[in-house]
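The primary structure of each chain is shown beneath.
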Amino acid sequence: MIAEPETPSRISYQKENESHCESDDDLENQRRGSESITSTWKRRRDQPEKSRRRSSTLRSCRQVRSDGHEQQDEVEAVTLFEVVRMGKSAMQSVVDDWIEEYKQDRNTALLDLIIFFIQCSGCRGMVTAEVFQNMHSPDIRRKMTEEFDEETGLQYKKFMVYPWILNVTWPLDLDSGDYPLTMSGPYWKKFKSNFCEFLSVLIQHCQYTIIHDEYLMDTVISLLTGLSDSQVRAFRHTSTLAAMKLMTALINVSLSLRVQLHNTQRQREVEKINIRPNRGLETFLQKKEEIIEKQENIENLMNAIFKGIFVHRYRDALPEIRAICIEEIGIWMKTCSDRFLTDSYLKYVGWSLHDKQSDVRLKCLIGLLGLYSDRECCAKMDLFTCRFKDRIKSMTLDKESEVAVQAIKVLTLMLQNCEDALTSGDCEQLYHFVYSAHRPVALAAGEFLHRKLFCSQESEVQDELSERKERATCNISHLKTLVNFYQESEGYTHSAYLVDSLWDSSAFLLKDWESMTALLLEDGVPGEEAFTNVQKKALVEIMLSSIRQAAEGLPPGGRCLGKKVQMGKEKKSQMDDRAKLTEHFIVALPQLLAKYSTDEEKAIKLNLLQIPQYFDLEVYSTVQLEKHLDTLLKQIKEIVEQETGSEVLEFCSKAYLFLSKEELAAHEQVELAKSQLFDQLVGKFNQLLKDFLHKGDRFDETESYQMWSTLKRITTFHNAHDITRWNLLNSTCKLLKSGLEDGNVPEPIIIQAIKCSYFHIMWQLSKVSEGISSKSVQVSVGKQMRGFCYICRRYLTNVSSVVREQAFVILCDLLLVFSHEVLSSGGENIEPFAYVPEASLQSELVAFVMDHVFVPQDDENVNKDEEHKVGVLHKRRNLLAAFCKLIVFSVVEMEIAADIFKQYIKYYIDYGDIIKETLSRTRQIDKIQCAKTLIQSLKQLFSELLQAQGSNVTRWSQPFTSIKDLARRFSLTFGLDQLKTREAMAMLHKNGIEFAFRDFNTKGKNQPPPNLAFLDILSEFSPKLLRTDKRTVFNYLERFITDQMAVESGDEWLPLASYRRSLLDTRDDDTTSTSSSDRSPPSSTQHNSRTACLKRRHQTGDSISNVGLNEEQRGNQLPSLLMSRLTSTELRENERHVSQRGSHVKEDPMDNDGLQSLCSEYGTTTMGITDRTIAEDAAKSPESDLDDLNEILDIDND
């Protein structure tokens, strides 16, 4: 029963909250300490009521410094909100003072608490409270409203908080999302935690006293229920958080009461045993009744919060509110499982697993983690597990990786604590996550796999055994299980991902290299199934990945989480692991190599040869294991002598390279072993070469194979090791010359000889650049390079395609390395060796590309599989890329790239990316030259089409439209900035116009020039011209048009009309658009210009007898193709438009006779300016830009 208020019948109380946009100077409050805050509250408690209310509105007094900055003069934390906002250092003392104040005047203290909740909601308005006597009054329900006053722009909320009716007024912007719980910055960073801490401390300190007075909590819950039903987001969010935290605190109080009741019950039982009568028994009975009554009160409060707030807010529109509800109910079920861990409460968590927001789903899973980690709780969740297990499994594929991680962790606990909850099919769905690219997901899946494979009851018992032998036996069993799992993972061959996933949970197993080595070295135990070669291969892959993980401490590629700074403990662990694996494999690796060196399975040898690069070679000297190093080097040497595979030899070379680092103590020992190996290989090759040159055709296949295998071993090592002191270049060049002259050298030997010669020259150049070579070597490098280039050039025409391709790639690489641009950046020592290929060599290279790259699919490849086709395409792409690098680095002339660019459309699928990148790089080097190259490629295609179809080119045919499409693609590559490409576009149009009118038609003077259709292709570049440039290009075009051309109007003349329209149309350029369409007649100014030009040309007295005149004669003719379309009305309108424009434009600095002189490579003539409009447009543009354009078009200003 709620007691009647002791205050008068009506109390009006107002508090206006300050704005939360405080300056950074308010942070000085935190330095005042808990003593000042406590003393302030004590002063408040001792003040009379009016004075205390007056002080509650006290704010910081600010005074302006002399320099104009504000300074905080006084700050007093006089409200609960300010205490919470400043921090929780004095939280407990302030709560104690508030409780004392409540005991003296509960209405005033409670009103302070109510206003605290309103202020924490970010309300910047006013709170008014009026006390009512009759709660059953019919006027009360009418007052419970929330409305907006349009006149004042304020929002009103009136609701009942017994014994008051609160009226909250605030500006409309409260719902903007800017309130304490959502504010950012250091000032509000800890507000939420302080707010929750205050509520927890409040309930904790009054759990034995005023919380049970049936007044405080009833009022607070009534307030929070009213605020949680508000339409304002700030009220709902703050009140829901407060209610959920109060509920959690009340549950703790209920648990405390249970403990008290249990203790009282035990004391009562003890008193019953006492024979003597004791009055304490009645005391215990009375105390028990009080505790039970308090428990019932707490239960009623919890029911009120759950049914009045949680049930409505767990499905709120705001995801933050839903997340708060789900997070707290998970805590309730964990702390008070006997009351809340039932299906009636679990259903809310299960329903929220389908929430659209990832934060809510994440809170659900985090709550379930706490429940499934307890076996007793799992026993109560059988129905929930059966109902929502499939949903949790599907959440492992959630788009938010953190949700997927928590879902896998829940399933791991379900596997661990719930018997038969997951079937084998359910587990198999989770296994593939160990190969996930997202590392947290993979680690969670690795923990699940560890629990499934290695944590059975039998293995758990064995892991507790102290004997080392039995533990090793257990690990061997686990390794076999892991190998079988890795083999059964179809489609996955990435052992590094599997090892990284299991590293945190199964490191004890993955670092047990002794057991792995034992499995690989044993031949099989009687009574047990022996390891197959496939299983041994899988085990070696896993062992190598574990070694890499231990030595580097980094996840495999694709799983990196950015830069991670290793802690000191992690570095020490990594160093210890590396030393441990080095000590073990220094002894074990030679044994493994000895056993598997003759094995047909090369994968095992490849993986074993990679182990030395993870050694800590200082251990060789510190532990005195030099003899084991000798054994290792001998085993690697034996493999080199036996193997001819490229991969095995490359890994042997890398092993020698790593073991021979100069800073290591074992450097000299390894260098001596290398020298002995190279002496043996080079001596054998020289002897075989001598026999070959002596015997000639009598050199049998066995000797040829020996020469090839020896030379391949030398070449493979020469790539990473400097063996120039054996002077192999002379021997290989003799062999290559013999192949050119006699043709008796087998193809594989030629390829290895070319590679070996190339590596020799590169090592010589490297030593020259470092300044460690002699003068004789410096003199010979250039000669050797030119001689070798000549040999490679000769091999470009070899019968074997493999030899031709190898010679081409090596030749391109040599030309690139010895180019001016590359050598100039390497220093003065190597700059004199720069080599520029002659024109004939450049022509041969581009011809090779055209013959071997841009060819259709061979007939022999039609019926072959896709893998073969992909391999052929890969080789061709390498050839094209090698040549394009020469273009990009200016090794060859850019004009040669025209043959490459013209294939852009035809071979777009196969080589489009390479050609596009080359085009982009060449444009960055020289825009004008790039434009010339592009127009040259279009001219070549048009000439080929003209030759194929004759003089009558069909503009709608597929070959012609493909050329237009190519021109459009070229135009798009110049981008949107017309100013940057202005000169290049002008040069492009100039070359295109000259090409279109270059030749005359042999069929007669009435026929158009053969290349006139090229203007239709050229029109694709017109939108890239500025308006002024279009006028200038139009003038340049007119000098090629004769009177005879102007009177022709057949379909064969349409390209000329189309190109003219593209130059006259200014809708798509940078200046003011016109209203004319592509088919609109020319303006009157253009008509007047052509008329004036015609008069000037007729005054020259020159007669035109045929179309095939020189350019000077053709430039004196005026086109009149479009003049007949003009009407007198249009002329008058255009003249009026021009006169209006002329009144607003400054006088052109150039007279009407400007732009008359045209100088070209074919001749020089004069032309008149078109009209005054062109002059006005030219006046608008910068004179310097116009002069540059005229210079490109060879136009001189008189």
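Read on for a plain summary of the structure.

### Brief notes about the overall build of the protein
- When helices and strands are counted, the protein shows 53 helices and 10 strands.
- Intrachain contacts of the protein at a sequence separation of at least 6 include 75% that bridge at least 24 residues.
- If you sum the accessible surface of the protein, you get close to 57,600 Å²; carbon and sulfur atoms cover 48% of it.

### Some words on the environment of Phe 81
- With respect to the secondary-structure elements, Phe 81 resides in helix α3 (residues 80-86).
- Separated by 37 residues in the primary sequence, Phe 81 and Ile 118 place their C-alpha atoms 9.3 Å from one another.

### Brief notes about the pattern of salt bridges
- Scanning all chains against the criterion turns up 32 salt bridges.
- Of the charged contacts, one joins Glu 994 and Lys 990 as a salt bridge, the two residues approaching to 2.8 Å between their closest N and O atoms. On the criterion of helical spacing, the pair formed by Glu 994 and Lys 990 is a turn pair, its members being four residues apart in helix α44 (residues 982-996).
- We classify Glu 994 as buried; its relative accessible area is 4%.
- A relative accessible area of 6% places Lys 990 in the buried class.
- Sharing partners across several salt bridges, the network here consists of Lys 964, Asp 965, Arg 968, Asp 1016 and Glu 1020.

### Some words on the environment of Leu 430
- With respect to the helices and strands, the residue Leu 430 is situated in helix α18 (residues 424-431).
- You can call Leu 430 buried: its relative accessible area is 3%.
- Each C-alpha atom of the pair Leu 430 and Leu 449 lies 8.3 Å from the other, and the pair is 19 residues apart in sequence.

### A word on the nonpolar core
- If you look at the biggest cluster of nonpolar residues, it comprises 317 residues, and the most contacted ones within it are Leu 113, Phe 615 and Phe 997.
- With 14 residues, helix α9 (residues 233-273) is the largest single contributor of residues to this core.
- Residue contacts for Phe 615: discarding those within four places in its chain leaves Arg 578, Leu 581, Thr 582, Phe 585, Ile 586, Leu 589, Tyr 620, Leu 632 and Phe 658.

### Let's talk about the packing of aromatic side chains
- Scanning the model with the defined rule gives 38 aromatic pairs in all.
- Ring centres of Tyr 758 and Phe 759 lie 5.8 Å apart, and the angle between their planes is 55°; this geometry places the pair in the tilted category.
- In textbook terms, an aromatic cluster arises when at least three aromatic residues are bridged by ring pairs, as seen for Phe 306, Phe 310, Tyr 314, Trp 332, Phe 340, Tyr 345, Tyr 348 and Trp 351.
- Taking the ring centre of Tyr 215 as reference, the NZ or CZ of Arg 106 above it sits at 3.7 Å.

### Here's the deal with the packing of helix α38 (residues 839-852) against helix α39 (residues 866-888)
- Orientation of α38 relative to α39, taken along the N-to-C sense of each, is 155°, at an axis distance of 10 Å. Classified by the angle between their axes, α38 and α39 sit roughly antiparallel to one another. With respect to the hand of their crossing, α38 and α39 are arranged in left-handed fashion. Between α38 and α39, the residues in contact are Leu 845, Val 846, Phe 848, Val 849 and His 852 and Arg 876, Leu 879, Leu 880, Phe 883 and Leu 886, respectively.
- Tallied by class, the residues present in the contact of α38 with α39 amount to eight nonpolar, one polar and one charged.

### Some details on the side chain of Arg 793
- Here Arg 793 is to be found in helix α35 (residues 775-795).
- Among all residues touching Arg 793, those that are not within four sequence positions of it are Leu 811, Glu 838, Ser 840, Leu 841 and Glu 844.

### Overview of helix α29 (residues 626-642)
- Across its 17 residues, α29 extends 25 Å between first and last C-alpha, which sits within 8% of the 24 Å expected from 1.5 Å per residue.
- Three or more residues of α29 are buried, namely His 628, Leu 629, Leu 632, Leu 633, Gln 635, Ile 636, Ile 639 and Val 640. Buried residues along α29 cover an arc of 160° about the axis, so they all sit on one side. Of the exposed residues in α29, those oriented more than 90 degrees away from the buried face are Lys 627 and Lys 634.

### Looking at the packing of helix α24 (residues 513-521) against helix α26 (residues 568-596)
- At a minimum axis separation of 10 Å, α24 and α26 run at an interaxial angle of 5°. When the axis of α24 is compared with that of α26, the two are roughly parallel. In this structure, α24 contributes Trp 513, Glu 514, Thr 517, Leu 520 and Leu 521 to the contact, and α26 contributes Asp 577, Lys 580, Leu 581, His 584, Phe 585, Ala 588, Gln 591, Leu 592, Lys 595 and Tyr 596.
- Classifying every residue of the contact of α24 with α26 by side-chain character gives eight nonpolar, three polar and four charged.

### Structural notes on unusual backbone geometry
- At Asn 727, a residue that is not glycine, the phi angle is positive and equals roughly 50°.
- Summarising the element assignment, Asn 727 is placed in the loop between α32 (701-718) and α33 (728-741).
- For Ser 890, which is not a glycine, the phi torsion comes out positive at approximately 60°.
- When its relative accessible area of 45% is taken as the criterion, Ser 890 is described as partly exposed.

### Focus: a negative patch on the surface
- On the surface, Glu 214, Glu 289, Glu 290, Glu 293 and Glu 296 cluster together into a patch of negative charge.
- With respect to the helices and strands, the residue Glu 290 is situated in helix α10 (residues 280-313).

### Structural notes on the environment of Val 220
- With respect to the helices and strands, Val 220 occurs in helix α8 (residues 216-228).
- Overall, the relative accessible area of 4% leaves Val 220 in the buried class.
- Counting along the chain gives 110 residues from Val 220 to Leu 110, while the straight-line C-alpha distance between them is 8.4 Å.
- The residues contacting Val 220, other than those within four sequence positions of it, are Leu 110, Leu 113, Phe 117 and Leu 246.

### Some points on the side chain of Asp 426
- Secondary-structure assignment places Asp 426 in helix α18.
- Take Asp 426: its relative accessible area is 7%, and that puts it in the buried class.
- There is a polar contact of 2.5 Å between the side chain of Asp 426 and the side chain of Lys 393.
- Ignoring anything within four residues of it in the chain, the contact list for Asp 426 reads Lys 389, Lys 393 and Ala 421.

Cut-off values and rules
Residues numbered from 1 in each chain as written. Predicted model: local features only at pLDDT ≥ 70, side-chain atom pairs only at ≥ 80, totals over all residues. Heavy atoms only, no water. Helix = DSSP H or I, 4+ residues; strand = E, 2+ residues; numbered from the N terminus. Contact = heavy atoms within 4.5 Å. Areas by Shrake-Rupley, 256 points an atom, 1.4 Å probe, with all protein chains shown as cover. Salt bridge = Lys/Arg side-chain N within 4 Å of Asp/Glu carboxyl O. Buried < 20%, exposed > 50% of the residue type's maximum accessible area, 1.4 Å probe, protein only. Core = buried A, V, L, I, M, F, W, Y, C linked by side-chain atoms within 4.5 Å. Phe/Tyr/Trp six-rings, centres within 6.5 Å; stacked < 30°, edge-to-face > 60°. Lys NZ or Arg CZ within 6 Å of the ring centre and 35° of its normal. Axes fitted to C-alpha atoms, helices over the stretch in contact; angles between N-to-C directions. Parallel < 35°, antiparallel > 145°, perpendicular 65-115°, else oblique. Left-handed = near helix turned anticlockwise from the far one by under 90°. Nonpolar A, V, L, I, M, F, W, Y, C, P; charged D, E, K, R; others polar. Expected span 1.5 Å × (residues − 1). Arc of directions from axis to C-beta. Patch = residues over 30% accessible without salt bridge, like charges linked within 9 Å, V, L, I, M, F, W, Y side chains within 5 Å. Lys, Arg positive; Asp, Glu negative; His and termini not counted. Charge placed at Lys NZ, Arg CZ, Asp CG, Glu CD. Polar contact = N/O pair within 3.5 Å; in protein donor to acceptor, adjacent residues only side chain to side chain.

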